[in-house]
Amino acid sequence: MRILQLHCDYIEFTPVKREIKSAEEIDPQSKRFEEVLVAFIAVEEGDNSDVAKKAMVEISDSMKKIGCNKLLLYPYAHLSSKLASPSTALLLLKEMETQVKNLEIYRAPFGWTKSYKIQVKGHPLAENSKTITASEDKESTSDALKAESKIQSFWHIMTPDGKMHDVGKFDFSRHDNLEVLAKYESVKQRSVNESPPHVKLMKKLAIADYEPASDAGNMRFFPNGRLMKSLIERYVTDKVMEYGGLEVETPIMYDSHHPSMESYFNRFPARQYSINSEGKQLFLRFAACFGQFLMAKDFQMSYKNLPVKLYELTRYSFRREQSGELVGLRRLRAFTMPDCHAFCKDMTQAKEEFRKRFDLSTEVINGLGLDESDYEMAIRFTEDFYNENKSLIEELVKNIGKPVLVEMWKERFFYFVLKWEFNYVDGLGKASALSTDQIDVENGERYNIEFIDENNKPQNPIILHNSPSGAIERVIYALLEKAAKDQTEGRKPMLPLWLSPTQVRVIPVKPEFLEYCNTLTDEISRSDVRADVDDRNESVGKSIRDAETEWIRYIIVIGEKEVSANTLSIRDRKTGSVRNLTIDELVKEIKEETKDKPFMRLNTNRSLSTRPQIMV
RNA sequence: GCCAAUGUAGCUCAGCCUGGCUAGAGCAUCUGCCUUGUAAGCAGAAGGGCGGGGGUCCAAAUCCCCCCAUUGGCUCCA
């Protein structure tokens, strides 16, 4: 939309004749306005209601500045060469006319050739031109995002004994990572000037890479990475279903003008991707919340059914994070996130459920290969909630067994009253949230989700939002960063055995032992172990080196001795030593270490000689 | 989104400041030879509009401008 704005002593115009068929039906009389701001307007292709709204905000702002209260909207096609259709233009002009209440607004007729006389004032602000486009709207910023910066937070450290300490006075000497997190969050202190090690590792281990043909923050996952993701996804899903989550699937895009969407959107501080399709403005989901809420709204629920727990593993959730913020697998624009909502009948039930999910989350995060020393907890709540529910908060902190970062808000700004996360703190001092849970007191009503209580009255549930692991990609980031940290501190970098793309590599000393190797690999694979064969005609030293650089845990070398004996000579990367074990003993050891974890077969050719190499 | 740095063969990187032979190396790949015992056996070959697009110049990987991507900082992070 293009606007030429003139502050006038007067304007006089007379409609002469209809210019287009769809011209407005009017009485073609001359009109005169005095002490008026005339806005000549060309509505362009792609303009929409938001543009109209924005235009009126800008116009009324400048009217305030020049102290003028009378506005004439004057359709003026000649300001642009890419005009919108007359019907759209008229529609938007009419919208503009009715948008602002405390102004005297008039509109010149649309579609008529008009003669006019005008006297423009001579002050510096009298003339002004504006171009307003919809494009900036593509990354619609929610009110929450805009207002977030205004929230006032109070930072503390809570120790397992339930005591609150001023964050500035707390002795962090035995809690390095917590100090990093606290500074990271409260003072926003950053101290890095190198690139994160996991980026190199994700390429070297052929897990994932950037995809320049997509938008930034959208990764490609190679067979190894896809396998790891599948396993983690399976594991988290199994755990949530064990807890009682009902797995569902919901759409990845939504109409941004759906009433419950619009207001939720404005309560969620994130930037969206949006898509125009057949006149609808769709946005890509940034979480599974609305899909599940819209679904739950159509459930008929009694208090006896609650809590109802819905779960979805979103592939993907989309957030249009600022480009400068995207880093490897740490922060993406498209990511896979498990999201489980529990609909609870009251705060008592919500708190009870909240505890269960806290346990679920610690179990999941530990099962993924991260222990208590790898993450720091942050807990955030409103002052009111804290005063009424001290014991719950103290209990969580006691459970985690070490001091946690506390953020307290004077007033409730978000839709939740309590939220905690586990943050992975990497070797470069960056903190990233993994698991999280929230107590939401707002969306039950917003989405009109109802259950019938003991007194036969409809009620809105309290909703818990839990991601027991955080984004799957971020879990891989954390595992790789942990491995990198191990490496710099002199330990061998490893992946958890159940996530290793290859668990066992079999290497023949000479090609004549290949057949034996294949038979052996068959046998090991039958017990659900991922084993492969290095059938390239390379020296043993070279083959071992390659297996080591791929972080393969067990390396079996097959030669004369092994073919004639009963035991295998197995190099264990964890200890670096060679052991003699039977097949059964090896399989048993692997099974023991990967028990309760999902299994998937090798996601690559078994023979190394037939594999493409992924060099990134 | 803003500021800065980086972008050369599949990968890791020289070369750029001070413009000029046919743009180099190691690894990987291919072809031979070797027949291997716990972290790299030997030799040869092939492989590159120097991130993309403009410009300056007799001449641009090299100097200038714009764009893209990555990384760092800022901002932001349910």
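Residues numbered from 1 in each chain as written. Chains lettered and ligands numbered in written order. Predicted model: local features only at pLDDT ≥ 70, side-chain atom pairs only at ≥ 80, totals over all residues. Heavy atoms only, no water.

Enquirer: Can you walk me through the overall build of chain A in this structure?
Expert: Helix and strand counts for chain A stand at 17 helices and 29 strands. Expected size for 616 residues packed as a compact globule is a radius of gyration near 25 Å; at 32 Å, chain A overshoots this value by more than 25%. Relative to its 616 residues, chain A shows a buried fraction of 52%. Surface exposure of chain A reaches about 28,800 Å², of which carbon and sulfur atoms provide 47%. Here chain A holds 89 positive side-chain charges and 96 negative ones, and the gap between their average locations is 2 Å. (Helix = DSSP H or I, 4+ residues; strand = E, 2+ residues; numbered from the N terminus. Rg over C-alpha atoms; globule rule 2.2 N^0.38 Å. Buried < 20%, exposed > 50% of the residue type's maximum accessible area, 1.4 Å probe, protein only. Areas by Shrake-Rupley, 256 points an atom, 1.4 Å probe, with all protein chains shown as cover. Lys, Arg positive; Asp, Glu negative; His and termini not counted. Charge placed at Lys NZ, Arg CZ, Asp CG, Glu CD.)

Enquirer: Would you mind going over the pairing of strand β14 (residues 280-284) with me for this structure?
Expert: In summary, the side chains of a regular strand alternate between the two faces of the sheet. With 4 of 5 residues buried, β14 lies mostly within the body of the structure. The sheet contact formed by strand β12 (residues 253-255) and β14 spans 3 bridges and is antiparallel. In the sheet register, Y254 faces β14, and the bridge partner there is F283. Two elements, strand β13 (residues 274-277) and β14, share 4 bridges in a ladder whose sense is antiparallel. From the neighbouring strand, S277 faces β14, where its bridge partner is K280. Hairpin geometry of β13 and β14 is characterised by an intervening segment of 2 residues between the two adjacent antiparallel strands and by a positive phi of about 45° at E278. (Pairing = 2+ DSSP bridges.)

Enquirer: Is there a simple way to think about the packing of helix α6 (residues 223-243) against helix α13 (residues 472-488) in this case?
Expert: Relative orientation and spacing of two packed helices are given, respectively, by the angle between their axes and the distance between those axes. Relative to each other, α6 and α13 sit at 115°, their axes nearing to 10 Å. Regarding the angle of α6 to α13, the classification is roughly perpendicular. Pair α6 / α13 crosses with right-handed handedness. For the pair formed by α6 and α13, the contact residues are M228, K229, I232, E233 and V236 on the first element and I472, E473, V475 and I476 on the second. Of the residues in the contact of α6 with α13, the class split is 6 nonpolar, no polar and 3 charged. (Axes fitted to C-alpha atoms, helices over the stretch in contact; angles between N-to-C directions. Parallel < 35°, antiparallel > 145°, perpendicular 65-115°, else oblique. Left-handed = near helix turned anticlockwise from the far one by under 90°. Contact = heavy atoms within 4.5 Å. Nonpolar A, V, L, I, M, F, W, Y, C, P; charged D, E, K, R; others polar.)

Enquirer: I tried to follow the pattern of salt bridges on my own but got confused; where do I start?
Expert: Pairing is possible between side chains that carry opposite charge, provided their charged atoms lie close to one another. Following the criterion strictly, the structure yields 50 salt bridges and no others. Its salt-bridge partner being R380, residue E407 comes within 2.6 Å of it at the nearest N-O pair. Pair noted here: E407 is in strand β19 (residues 404-409) and R380 is in strand β18 (residues 375-382), with a separation of 27 residues, a long-range link. The residues E407 and R380 share a single accessibility class, namely buried. The partner of E421 in a salt bridge is K419, and the shortest N-O contact between them spans 2.7 Å. With relative accessibility at 3%, the residue E421 sits in the buried group. In the salt-bridge network here, residues are joined through shared partners; they are E185, R380, E407, K419 and E421. (Salt bridge = Lys/Arg side-chain N within 4 Å of Asp/Glu carboxyl O.)

Enquirer: Is there a simple way to think about the side chain of E481 in this case?
Expert: Relative to the helices and strands, E481 is located in helix α13. Despite being buried, E481 has no salt bridge partner; R330 is the closest side chain of opposite charge, sitting 7.4 Å away. A distance of 2.8 Å separates the side chain of E481 from the side chain of H198, its partner in a polar contact. Excluding residues that lie within four positions of it along the chain, E481 makes contacts with P196, P197, H198, Y424, D426 and G427. (Polar contact = N/O pair within 3.5 Å; in protein donor to acceptor, adjacent residues only side chain to side chain.)

Enquirer: Before we go on, may I ask you to explain the environment of K410 in this structure?
Expert: Turning to its location among the elements, K410 is positioned in the loop between β19 and β20 (416-425). A residue is classified by how much of its surface remains accessible, and K410, at 43% relative accessible area, is partly exposed.

Enquirer: Help me understand the packing of aromatic side chains in this model?
Expert: Under the defined criterion, the tally for this structure stands at 30 aromatic pairs. Above the face of the Y10 ring, R32 is positioned so that its terminal group lies 4.3 Å from the ring centre. Looking at K114, its charged tip hangs above the ring of Y74, at a distance of 5.0 Å from the centre. (Phe/Tyr/Trp six-rings, centres within 6.5 Å; stacked < 30°, edge-to-face > 60°. Lys NZ or Arg CZ within 6 Å of the ring centre and 35° of its normal.)

Enquirer: What's the story with the domain arrangement of chain A in this structure? I'm lost.
Expert: Where interface size is given, it is often the accessible area lost as the parts come together that is meant. Here chain A is described as being made up of domain 1 (2-139), domain 2 (204-252 + 285-409 + 416-479) and domain 3 (497-610). Here the C-alpha centroids of domain 2 and domain 3 sit 37 Å apart. Listed by partner, the interface residues are 15 residues for domain 2 and 14 residues for domain 3. Its largest share of buried area at the contact with domain 3, domain 2 owes to L205, L227 and L231, together 42% of the area lost on that side. Viewed at the interface, domain 3 and domain 2 are joined by 0 salt bridges. It is α6 that contributes the most residues to the side of domain 2 that touches domain 3, 10 residues altogether. (Domains from an automatic or database assignment. Buried area = accessible area lost by both parts, 1.4 Å probe.)

Enquirer: How should the sheet that holds strand β25 (residues 504-508) be read in this particular structure?
Expert: Hydrogen bonds between backbone groups are what pair the strands of a sheet, and the pairing can be parallel or antiparallel. Pairing in this open sheet of 5 strands is mixed, and the strands run β26-β25-β27-β28-β29 from one edge to the other. The open sheet is flanked by β26 (531-533) and β29 (577-581), the only strands paired with a single partner. Here the strands of the sheet are splayed against their neighbours by 30° on average, with no regard to which way each runs. Where β25 lies against strand β27 (residues 554-558), 5 bridges are found, and the strand directions are parallel.

Enquirer: What am I meant to see in the sheet that holds β12 here?
Expert: Strand order in the open sheet made by the 3 strands is β12-β14-β13, with antiparallel pairing throughout. Pairing within the sheet leaves two strands with one partner each, and these edge strands are β12 and β13. Neighbour-to-neighbour, the strand axes of the sheet open up by a mean angle of 35°, direction not taken into account.

Enquirer: Just checking my understanding: could you explain helix α15 (residues 540-549) for this structure?
Expert: Residue pairs three or four apart in sequence face the same way in an α-helix, which turns once every 3.6 residues. Residues of α15 that are buried: S543, I544, D546, A547 and E548. Phi turns positive one or two residues past the end of α15, at W551, with a value near 65°.

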